[in-house]
Amino acid sequence: MGDADMLEFEKYHGTGNDFVLIYIKDDKQHAYSALAVELCDRHFGVGADGLLILERSDQADFKMRIFNQDGSEAPMCGNGIRCVAKYVMDKGLIEGDTCVVETMYQKIQVSAVRVDGKTLYRINMGSPIYDTSKMPVLFDKSEFQNESIEVDGQVYTLSALNMGTIHAVTFVDEIDQIDIDLVGSTIEQYTYFPQGINVDFCKVIDPHTLKVTTWERGVGRTMSCGTGVSASVAQGIREGKLKSPVKVLVTGGELLIEKRASEYYMSGPAVHVFSGQY
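In every chain, residue numbers begin from 1 and rise along the written sequence. Totals for whole chains, interfaces and linings use all residues, but because this is a predicted model, local features are given only for residues with pLDDT of at least 70 and pairs of side-chain atoms are given and counted only at 80 or more. Side-chain numbers here rest on the full set of heavy atoms in the structure, without hydrogens or water.

S.K.: Any chance you could explain the overall build of the protein chain here in plain terms?
M.R.: Summing up its helical and strand segments, the protein chain has four helices and 18 strands in all. Each of the three principal axes of the protein chain carries a C-alpha extent, and together these read 50 × 40 × 35 Å. Buried, partly exposed and exposed residues are distinguished by accessible area as a fraction of the type maximum, computed with a 1.4 Å probe on protein chains only: under 20%, between the cut-offs, and over 50%, respectively. Within the protein chain, the fraction of its 278 residues that count as buried is 54%. Whether two residues are in contact is decided by their heavy atoms, any of which lying within 4.5 Å being enough. Across the protein chain, contacts joining residues at least 24 apart in sequence account for 60% of those joining residues at least 6 apart. Reported accessibility uses the Shrake-Rupley method at a 1.4 Å probe radius. Residues are deemed covered only where the shown protein chains occlude them. Accessible surface computed for the protein chain: about 12,400 Å², of which carbon and sulfur atoms make up 45%. Positive charges come from Lys and Arg alone, negative charges from Asp and Glu alone, with His and the N- and C-terminal ends not counted. Note on charges: their place is set at NZ of Lys, CZ of Arg, CG of Asp or CD of Glu. Seen as two clouds, the 26 positive and the 39 negative side-chain charges of the protein chain have centres 6 Å apart. Helix and strand assignments come from DSSP, with helices taken as H or I runs of at least 4 residues and strands as E runs of at least 2, each series counted from the N terminus.

In structure tokens, the structure reads:
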């Protein structure tokens with residue numbers, strides 16, 4: 001994509017987690033990392049948490065790549081994949097109300113469902129992975145569960161798991177009293193996590209209601225994180241704090257997480273904000 005190229009793009013958000021989406025119809029390789037930094041800048045670009053690249057796939061209906069604000073590529077994005085599903089269904093690029101999207105993590109099925117008169121997009125997020133060698137987490141045990149890390153004089157109990165991308169989940173009494181920027185950025189770069197980690201701050205309201213604020217690596221504090229809320233619910237159910245189904249309250253709205261056998265399903269909205277040229 002040279003300086004003279006005009007990009008057609010779409011702006012979407014999933015519970016406030018916003019994206020620039022570009023459908024690439026050729027087979028050329030482009031400088032997506034640099035493009036993500038340029039487009040996602042909220043002062044000099046379009047402004048977004050991330051860049052969604054939609055490509056053709058030999059293994060699924062489409063392939064999604066997600067690049068964070070800093071240009072780093074993420075293996076999976078729960079809010080982003082709902083936006084991709086809405087795009088391909090609204091544009092008539094696929095028949096029916098279900099599509100399969102290839103990601104770096106695995107192939108993900110997304111279905112449009114009607115709940116209380118609204119269209120939501122339900123995703124099979126798969127099963128959580130706790131094995132530290134598969135995240136990666138530098139730790140001398142096979143699992144990183146309920147480990148203590150001190151930040152700014154406060155001790156946080158963390159558990160790490162992979163739910164499409166790696167997360168450190170901590171349950172707290174009051175989220176609003178925490179300096180999310182300081183604590184999140186410090187834990188993200190902790191020596192246990194050589195490639196960084198997303199950090200989810202969770203407050204249990206009741207066994208079926210959870211409040212979550214996520215610090216995303218490569219982005220910062222976000223209004224919502226689909227893999228983050230899924231990881232938080234999975235960890236909460238594992239510890240006996242939560243029971244499926246769980247309504248998750250995030251800054252940008254609500255998401256529903258359901259456990260079916262060993263797998264977790266996330267349902268939530270996807271909103272088209274505007275189309276443009278760049």
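S.K.: Help me understand unusual backbone geometry, please; the structure alone is not making it clear to me.
M.R.: Generally, phi is negative for residues other than glycine and the peptide bonds are trans, each holding for most cases. Residue Met135 is joined to Pro136 through a cis peptide bond whose omega torsion reads -5°. The residue Pro136 is located in the loop between strand E8 (118–126) and strand E9 (147–151) in this model. The residue after Ser244, namely Pro245, is reached through a cis peptide bond having omega 0°. Relative to the helices and strands, Pro245 resides in the loop between helix H4 (226–238) and strand E15 (246–250). Positive phi values are uncommon outside glycine, yet Thr15 reaches one of about 45°. Within the element layout of this structure, Thr15 appears in the loop between strand E1 (8–14) and strand E2 (17–23).

S.K.: What am I meant to see in the side chain of Gln145 here?
M.R.: As for its placement among the helices and strands, Gln145 is situated in the loop between E8 and E9. Residue contacts for Gln145: discarding those within four places in its chain leaves Tyr130, Leu158, Ser159, Ala160, Gln235 and Arg238.

S.K.: What am I meant to see in the packing of aromatic side chains here?
M.R.: Think of a pair of aromatic rings as described by two things: how far the centres are apart, and how the planes are tilted against each other in angle. We call Phe, Tyr and Trp rings a pair once their centres come within 6.5 Å, taking the six-membered ring for Trp, and we label the pair stacked below 30 degrees between planes, edge-to-face above 60, and tilted otherwise. Tallied over the entire structure, the rule returns 12 aromatic pairs. Seen from their ring centres, Phe9 and Phe274 are 6.1 Å apart, and the 80° between their planes marks the pair as edge-to-face. Of this pair, Phe9 sits in strand E1 while Phe274 is found in strand E18 (residues 271–277), placing the two residues 265 residues apart along the sequence. Here the aromatic rings of Phe144 and Tyr192 are separated by 5.2 Å at their centres, their planes lie at 65°, and the arrangement is edge-to-face. Residue Phe144 is found in the loop between E8 and E9, and its partner Tyr192 is found in the loop between helix H3 (180–188) and strand E12 (198–206); the two are separated by 48 residues along the sequence. Judged by relative accessible area, Tyr192 falls into the partly exposed class, the value being 26%. One aromatic cluster in this structure is built from Phe139, Phe144, Tyr190, Tyr192 and Phe193. Distance and angle both matter: a charge sits over a ring if NZ of Lys or CZ of Arg is within 6 Å of the ring centre and within 35 degrees of the ring normal. In this arrangement the basic side chain of Arg238 is found over the ring face of Tyr130, its NZ or CZ atom lying 3.7 Å from the centre. The ring of Tyr265 is capped by Arg260, whose NZ or CZ atom sits 4.5 Å from the centre of that ring.

S.K.: Which parts of the structure should I look at to understand the pattern of salt bridges?
M.R.: Where side chains of opposite charge bring their charged atoms close, a pairing between them can arise. Salt bridges are defined as contacts in which a side-chain nitrogen from Lys or Arg sits within 4 Å of a carboxyl oxygen from Asp or Glu. Within this structure, the stated rule accounts for 14 salt bridges. A salt bridge links Glu147 to Lys141; the nearest nitrogen and oxygen atoms lie 3.8 Å apart. The network of salt bridges with common partners includes Lys11, Asp18, Arg42 and Asp49.

S.K.: Is there a simple way to think about the environment of Phe19 in this case?
M.R.: Tracing the backbone shows Phe19 in strand E2. Here Phe19 is in contact with Glu10, Lys11, Tyr12, Ala48, Gly50, Leu52, Ile66, Cys77, Asn79, Gly80 and Cys83, once residues within four sequence places are set aside.

S.K.: Teacher, can you tell me more about the side chain of Asn124 here?
M.R.: One can find Asn124 in strand E8. Under this definition, polar contacts are N or O atom pairs within 3.5 Å; protein pairs additionally need one hydrogen-donor-capable and one acceptor-capable atom, and for neighbouring residues in sequence, both atoms have to be side-chain atoms. Within the structure, the side chain of Asn124 is placed 3.3 Å from the side chain of Glu263, a separation counted as a polar contact. A polar atom in the side chain of Asn124 sits 3.3 Å from the side chain of Tyr265. Non-local contacts of Asn124, meaning those with residues more than four positions away in its chain, are made with Ile108, Gln109, Glu263, Tyr264 and Tyr265.

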